[in-house]
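Chain by chain, the residues run as shown.
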Amino acid sequence: MIRIEHLTYTYPDGSQPALQDVSLQIAAGEFVLVAGPSGSGKSTLLRCLNGLVPHFSGGQISGHVLVGGKDVIALGPTVLSRYVGFVFQSPEAQAVLDEVEAEIAFGLENVGMSPEKMRKRVAEVLALLNLEGVRKRPLSTLSGGERQRVAIGSAIALRPRLLVLDEPTSQLDPEAARQVMQAVSRLNRQVGLTVVLATHRLEGMLPYADRLIWLEKGRIIHNGAVPDVITKLPEAPPVIRLAQKKGWYPLPLSVAEARQFIIEEGRRLRAKFVQPVTEKLPPHETCLLVQNLSFGWNGRPVLRDVNLVVRPGEAVALMGHNGVGKTTLLRCVVGLLSPQSGEVWVNGRSVNGRSVAEICRDVGYLPQNPDDLLFAETVREEIAVTLRNHGVHGTIETIDNLLAELGLSELADAYPRDLSVGQRQRVALGTVVVTRPGLLLLDEPTRGLDTEARRRLIAIWQKWLAEGMGLLIVTHDVELVARLAHRVVILADGQVAATGKTAEILPHFPQFAPQITRLFPGQHWLTVADALTSQTDKEV
Amino acid sequence: MRKLLSGLLFAVSGLAGTAVFLAPFFWPQLTQSANPTTTPLLTSLLLVICLVVLLLELQGEAISARVVAMLGMLVAITAVLRFLEVAFPGPGGFSPIFAPILLAGYVFGARFGFLMGALTLLVSALVTGGVGPWLPYQMFAAGWVGLTAAWLPHPDSTRRQVFWLSIAGLVWGFLYGLIMNLYFWPFFNGDAALSWQAGVGWRDTLSRYVAFYLVTSLVWDAGRALGNVALIGLLGAPVIHIFTRFQRRMMFQYVDKMAEREVVRADSTTD
Amino acid sequence: MPIARRIDARAWLVWVAGMLVLVMVARNPLYTLLLMLVAWWVMEVWRQNGRFPQLPFVRLGVFMLLLAALLNSLLAHTGETVLFRLPQAWPWVGGNITLEAAIMGAANGLVLFTLLLTFQGFNQAVSPGEIVRLIPGTWRDMGVVLLIAITYIPETTRQLRQIREAQAIRGHQLRGWRDWRPVVLPLLVAGLERAMGLAEAMVARGYGATADAGLSVWMQVGLLVSLTAVFGGWALTLWAATAGWLLIALGVVGLWWLSRKRGRRVLYTRYHAGWWGWPEFFVVITAVLPVLIILLPIWPVDYTTLSYTPPPQFALPAFDPWLGLSLLGMATPAWLPFILRQRQTNDSH
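Note that the structure is a prediction, hence the values are computed from the model and not measured. (Residues numbered from 1 in each chain as written. Chains lettered and ligands numbered in written order. Predicted model: local features only at pLDDT ≥ 70, side-chain atom pairs only at ≥ 80, totals over all residues. Heavy atoms only, no water.)

Notes on the overall build of chain C
Here is step 1: Looking only at helices and strands, chain C features twelve helices and two strands.
Here is step 2: Mapped from its N terminus to its C terminus, chain C presents α and β elements in the order α-α-α-β-β-α-α-α-α-α-α-α-α-α. (Helix = DSSP H or I, 4+ residues; strand = E, 2+ residues; numbered from the N terminus.)

And the structure:
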């Protein structure tokens, strides 16, 4: 199906090749995962499969790429669109039209298919992806998972033999990601479509794949069956690491597979129920105190009687399904929305009657998309703007110290938009904490970041926590919660469903729990280390 | 040859369009028999024909997906900025749509500028419910705003570039009002020293129009002109910077050294 | 009442064109009033389709009439029913202020208001997507530009809100012009980045598969000749009307033929075909008939009632009931939805 021989490619502005001497063969019907840190060449490799590289990007290329016997480099993406369907990362930036069925038909219109045939084909695709219910809906009203499935539908409408997906789930919450992966898997198993999927987070994807390719700096480092490659990687999902330590064989790739081994070990899987406790604390001992907060849009309640506490030096994770009001709560805290009732105290002062700008001098709030914050010509200027906005007299040292803390000293004069996602996230973080607030609100701060970028951010937050800053994190990233959060607040239907210590709460909510917690429902373990130490304790 | 013809097409349709705009000045002086009531409709249609020819010619050079996507997105952004106009009214006839059109034409060239101008007006009319016989006039005038921006000098320093663009913004601020008024001026059919009247000769018509313009529009248009200058002065430099960065990526065309183009053609027609 | 069945955009275009011609030609205020009521009715019925917030039309209409009357009475001093006088020394406005001039102005205001209502009805009834889909294949690229713009306007609006919030968080306040920079620049960069991504997605889905190189030289020459014919014809109508119109027609046919020829080289098909049934047919017929009646002076009606120049002394314009009746044909799109709904409920029983 795919044959790549000695492929080397350099971007027009690149100083070194993005891909170096890559050779690869993929058989028809295979499901191949391409993984690696950001900048390792995953996207570039995928774009070579339909000719977007080099036809769209320019640059120097050598070697051969054959897909289904077609010479990709010679023919280019427009011709290859018949044989290769391509799905991109962002669900928002790949739709041409606003209506689901029209969007799916766009590719068919481009090749001049007859209307009757087109209607049949669209109906087929809708059925295959479970989208019949939304066929007439505008795309802007769909959820992220539905939109990404529409993108897949648009990609397979021309009946390609190969489906290529570039990080299709990195912008989605876990539930939506699962839907998308199941849809892709169905296409692979039932229709026999060859699938090549790039990702930087392997968790939850391994069971679907036949093969795993690990890239680093434009080279293929590992290439083989999933169990063989995964054990060689530096950052494997927790279940794998545990299984390796315990020597389970054959290697379980998911929590469900791993459970078999635990049952064999004769463990009892029983959950104990922990009653959620509501804490009562005077405002002056807290960074953030939310009391009986209620908020609604057009008469529809979003938040009802929410109570929440964050103490200095404490990290609290706010979890819940999409649309449950997590971001709304953050926006209420900083005064972007005014709640219908209830009160918010920041550092012992009520936010009532204070302007957003005033509140945000005491609260750092990092919104979901860091790019919304960046507009200046240099990183240093970007941070200086916030100081000027607040009318705070900041010296050059203030900024330099912060940049050093964020690991951005060398990039101080760079154009912010040129930086990598992880670096941009750190610049954005800098712009909201330069006033040294006592409380930091983070909205999905690790979305779309690779392991390395995530590790650096966590280190920064841990330092600030030690210095007494309070953190409120809205996230779906369960491993981040396991590593950082002291307590978890679960929001459901606009109300606080449960709150308590991370290890005590998560076992009751498997959808928000890390793999290890799900694997041992009765225990209060979050990480591989927890599981290993506790078990050795018991065995000793 | 194609280049020459293309330029000729631009010139002829530009002249013809201008003639349509200026119709009130020379039309009635020649004859009394023309039925003045049908003229507005007819002139709208004539302008549509001009636009059709121009768009056909502009589309002639195959437009890449990048240009199409870029145009669509810029038009969307400008249309959204126009909503702001309603929320935060500026002085007089100020409208934030001209600065982006001028800047786009300046950096991306005449073709892009014309399309950007004409299509921006079309889209904002479609989404705000402003479709009417005035639309071809607006599209034509705004298209020329973008087109002429490309003709401005392109000095090296960004500050000088912003200076030239500000001049263009100032001039077009008044000019746009001046020629858009022409569209409805004869239509307003009053009978005084300020209004259009059939057959009074172009001198008289001109002096009437100048009087009309001074009385009704000067202050209004001054708002637009100064607004353009302010907006370009404020955003010109960073926007030129951003546009230039994207220009290389947008205009890039892959030249395939390995395969003949004929191969591509042959393959695309099979299946 | 919700609209049971939409009417095809092409039929709406014929209706709008008909209204335009009638409003322009029938300058008798009584006919204009009739057309205004018809346009209002149509707009009211199709407002249920509900795409745009309702403008305060009653106030707007009264305002337009009064303003036009005021302006015209100040500037035009013809007529014998003098209301009051302004000193002659005042430039332009000095002289007799007459009832006739005010009425003439109001009549013009009425024309403008009717045009506004007509287009408002059209805008309510037809979605931008439907209009764009009417663009012939020759302009496929332009059509896609428009579709992208319309698709991304809601997205861009949302992004604008997010950016304003994000900047507010860093203490940014929108006080003056200068403060727009941090909002507009991220919006622009995000939009352009998205355009690049979108372009990739379009190419990956076969966009431009059939686009060929530019216009051939003979087609350019053809365009040039046709354009010259149209405008030459326009000029010629001054001296020889028939010959002029003939030349215009020739030029238009030439353009049409060239664009068809060009369109056939752009290979693409449409997923959404329009719908054309008896309601569309009916709308077209009833819109074309009044135009034919008014433009072809062969019917037994009083054509002199069409024009109305205010006499020196105020008098009611003449009115031909048969002509008025024919104008009511334009109201078809207003009552048609009632019948369509009736049929639908009958069908379901």
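Structure's up, so let's keep going.
Looking at the overall build of chain A
Here is step 1: Counting secondary structure elements, chain A contains 21 helices and 20 strands.
Here is step 2: Since a compact globule built from 540 residues should have a radius of gyration of about 24 Å, the 25 Å found for chain A is in line with a globular shape.
Here is step 3: In terms of its C-alpha atoms, chain A occupies a principal-axis envelope of roughly 70 × 60 × 50 Å.
Here is step 4: For chain A, buried positions account for 57% of its 540 residues.
Here is step 5: Long-range contacts, defined as pairs at least 24 residues apart, comprise 66% of the intrachain contacts of chain A with a sequence gap of at least 6.
Here is step 6: Of the roughly 21,200 Å² of accessible surface on chain A, 48% is carried by carbon and sulfur atoms. (Rg over C-alpha atoms; globule rule 2.2 N^0.38 Å. Buried < 20%, exposed > 50% of the residue type's maximum accessible area, 1.4 Å probe, protein only. Contact = heavy atoms within 4.5 Å. Areas by Shrake-Rupley, 256 points an atom, 1.4 Å probe, with all protein chains shown as cover.)

A closer look at the interface of chain C and chain A
Here is step 1: At the junction of the two partners, chain C supplies 47 residues and chain A supplies 60 residues.
Here is step 2: Contact between chain C and chain A buries roughly 4,600 Å² in total, counting both sides, with carbon and sulfur atoms accounting for 57%.
Here is step 3: Of all residues in chain C, C:Arg170, C:Arg205 and C:Tyr271 give up the largest surface area on contact with chain A, accounting jointly for 24% of the area buried on that side.
Here is step 4: The tally of links from chain C across to chain A stands at five salt bridges.
Here is step 5: Among the salt bridges present, the one from C:Glu165 reaches A:Arg331, with a minimum N-O distance of 2.6 Å.
Here is step 6: Here chain C and chain A share twelve residue pairs in polar contact (both at pLDDT 80 or more) between them.
Here is step 7: Listed by contribution, the elements that provide at least two residues to the side of chain C that touches chain A are helix H6 (140-169) and helix H7 (181-204) of chain C.
Here is step 8: Tallying contributions element by element places H6(C) first for the side of chain C that touches chain A, with 16 residues.
Here is step 9: Per-class residue counts for the side of chain C that touches chain A are 24 nonpolar, 13 polar and ten charged. (Buried area = accessible area lost by both parts, 1.4 Å probe. Salt bridge = Lys/Arg side-chain N within 4 Å of Asp/Glu carboxyl O. Polar contact = N/O pair within 3.5 Å; in protein donor to acceptor, adjacent residues only side chain to side chain. Nonpolar A, V, L, I, M, F, W, Y, C, P; charged D, E, K, R; others polar.)

Concerning helix H11 (residues 255-264) of chain A
All names here are of chain A.
Here is step 1: Val-255, Ala-258, Phe-261 and Ile-262 are the residues of H11 that are buried. End-on, the buried residues of H11 take up no more than an arc of 110°, which puts them together on one face.
Here is step 2: Among the structural elements, helix H10 (238-246) and helix H20 (515-519) are those in contact with the buried residues of H11. (Arc of directions from axis to C-beta.)

Brief notes about the packing of helix H5 (residues 110-128) of chain B against H6(C)
Here is step 1: Two numbers describe how H5(B) lies on H6(C): the axes approach to 10 Å, and their chain directions differ by 50°. By the angle class used here, H5(B) and H6(C) are oblique. Relative to H6(C), the crossing made by H5(B) is right-handed. Contacts between H5(B) and H6(C) involve B:Leu115, B:Leu119, B:Leu122, B:Val123, B:Leu126 and B:Val127 on the former and, on the latter, C:Met142, C:Val145, C:Leu146, C:Ala149, C:Ile150 and C:Ile153.
Here is step 2: Residues belonging to the contact of H5(B) with H6(C) are distributed by class as follows: twelve nonpolar, no polar and no charged. (Axes fitted to C-alpha atoms, helices over the stretch in contact; angles between N-to-C directions. Parallel < 35°, antiparallel > 145°, perpendicular 65-115°, else oblique. Left-handed = near helix turned anticlockwise from the far one by under 90°.)

Overview of the confidence of the model for chain A
Here is step 1: The predicted model of chain A has a mean per-residue pLDDT of 87, with 95% of residues at 70 or higher.
Here is step 2: Predicted confidence in chain A is weakest over helix H21 (residues 528-539) of chain A, with a mean pLDDT of 66, and strongest over strand S3 (residues 31-35) of chain A, with 95. (pLDDT = per-residue confidence, 0-100.)

Points about empty space enclosed by the protein
Here is step 1: Throughout the structure, instances matching the rule amount to eight cavities of 30 Å³ or more.
Here is step 2: Considering only enclosed or pocket space, the second largest cavity measures out at about 80 Å³ in volume.
Here is step 3: For the second largest cavity, the full set of lining residues is A:Phe86, A:Pro91, A:Gln94, A:Ala95, A:Glu103, A:Leu139, A:Arg147, A:Val150, A:Ala151, A:Ser154 and C:Arg205.
Here is step 4: For the lining of the second largest cavity, the leading source of residues is helix H7 (residues 144-156) of chain A, giving four residues.
Here is step 5: Here the residues of the lining of the second largest cavity sort into six nonpolar, two polar and three charged. (1 Å grid on protein atoms, 1.4 Å probe; cavity = no way out; pocket = protein on both sides within 12 Å on 5 of 7 lines; lining within 4 Å. Points joined across faces, edges and corners; volume = space filled by probe spheres on them.)

What about the interface of chain B and chain C?
Here is step 1: Listed per partner, the contact involves 87 residues of chain B and 78 residues of chain C.
Here is step 2: Buried area between chain B and chain C, summed over both chains or domains, comes out near 7,800 Å², and the portion from carbon and sulfur atoms is 83%.
Here is step 3: Linking chain B to chain C there are zero salt bridges.
Here is step 4: There are zero residue pairs in polar contact (both at pLDDT 80 or more) connecting chain B and chain C.
Here is step 5: Elements with a minimum of two residues in the side of chain B that touches chain C: helix H1 (2-30), helix H2 (39-60), helix H3 (65-87), H5, helix H8 (202-216) and helix H9 (218-251) of chain B.
Here is step 6: Ranked by residue count, the leading element in the side of chain B that touches chain C is H3(B), at 17 residues.
Here is step 7: For the side of chain B that touches chain C, the residue count by class is 66 nonpolar, 15 polar and six charged.

Considering the environment of C:Thr286
All names here are of chain C.
Here is step 1: With respect to the helices and strands, Thr-286 occurs in helix H10 (residues 278-295).
Here is step 2: Thr-286 sits in the buried class, given a relative accessible area of 15%.
Here is step 3: Residues Thr-286 and Gly-18, spaced 268 residues apart in sequence, show a C-alpha to C-alpha distance of 9.5 Å.
Here is step 4: Not counting residues up to four positions away in its chain, the partners in contact with Thr-286 are Gly-329, Met-330 and Thr-332.
Here is step 5: Of the polar contacts made by the side chain of Thr-286, one reaches the side chain of Thr-332; its length is 2.6 Å.

Looking at the packing of aromatic side chains
Here is step 1: Under the counting rule described, the total for this entry stands at 20 aromatic pairs over all chains.
Here is step 2: Both rings, one in A:Phe86 and one in A:Phe88, keep their centres 4.7 Å apart while their planes meet at 35°; by these two values the pair is tilted. Across the pair, A:Phe88 and A:Phe86 agree in class, each one buried.
Here is step 3: Members of the aromatic cluster, connected to one another through ring pairs, are B:Phe108, B:Phe112 and B:Phe243.
Here is step 4: Its end group placed over the ring of A:Phe56, B:Arg66 keeps NZ or CZ at 4.0 Å from the ring centre. (Phe/Tyr/Trp six-rings, centres within 6.5 Å; stacked < 30°, edge-to-face > 60°. Lys NZ or Arg CZ within 6 Å of the ring centre and 35° of its normal.)

Some words on the pattern of salt bridges
Residue and element names in this part refer to chain A.
Here is step 1: Applying the stated criterion to the full structure yields 33 salt bridges over all chains.
Here is step 2: Put simply, Glu-167 and Lys-42 hold a salt bridge, and the shortest N to O gap is 3.7 Å. One end of the pair, Glu-167, is in the loop between strand S7 (162-166) and helix H8 (174-191); the other, Lys-42, is in helix H1 (residues 42-48), and 125 residues separate them in sequence. Of the two residues examined, Glu-167 and Lys-42, each falls in the buried class.
Here is step 3: In this structure, Lys-136 and Glu-101 form a salt bridge, with 2.7 Å as the shortest nitrogen-oxygen distance. One end of the pair, Lys-136, is in the loop between helix H6 (115-128) and H7; the other, Glu-101, is in helix H5 (residues 100-110), and 35 residues separate them in sequence.
Here is step 4: Given a relative accessible area of 3%, Glu-101 falls into the buried group.

Some details on the domain arrangement of chain A
Residue and element names in this part refer to chain A.
Here is step 1: The domain architecture assigned to chain A consists of domain 1 (2-234) and domain 2 (285-508).
Here is step 2: Centre-to-centre, using C-alpha coordinates, domain 1 lies 34 Å away from domain 2.
Here is step 3: Between domain 1 and domain 2, the residue contacts involve nine residues of the former and eleven residues of the latter.
Here is step 4: Between domain 1 and domain 2, the buried area comes to about 890 Å², and carbon and sulfur atoms account for 41% of it.
Here is step 5: Ranking the residues of domain 1 by area buried against domain 2 places Asp-173, His-200 and Arg-201 at the top, with a combined share of 46%.
Here is step 6: Remark: the boundary between domain 1 and domain 2 carries one salt bridge.
Here is step 7: Taken together, domain 1 and domain 2 are joined by five residue pairs in polar contact (both at pLDDT 80 or more). (Domains from an automatic or database assignment.)

What to know about the sheet that holds S7(A)
Residues and elements named next belong to chain A.
Here is step 1: The strand order S6-S7-S8-S3-S9-S10 describes an open sheet built from six strands, whose pairing is mixed. The open sheet has two edge strands, strand S6 (84-87) and strand S10 (219-225), and neither has a second partner. Put simply, the sheet's adjacent strands are angled 15° from each other on average, direction ignored.
Here is step 2: Taken together, the five bridges between S3 and strand S8 (residues 194-199) define a ladder with parallel strand orientation. Each residue of the ladder has a partner; that of Ala-35, found in S8, is Thr-199.
Here is step 3: Sheet strands in contact with H7 are S6 and S7, and its direction is about 160° off that of S6. (Pairing = 2+ DSSP bridges.)

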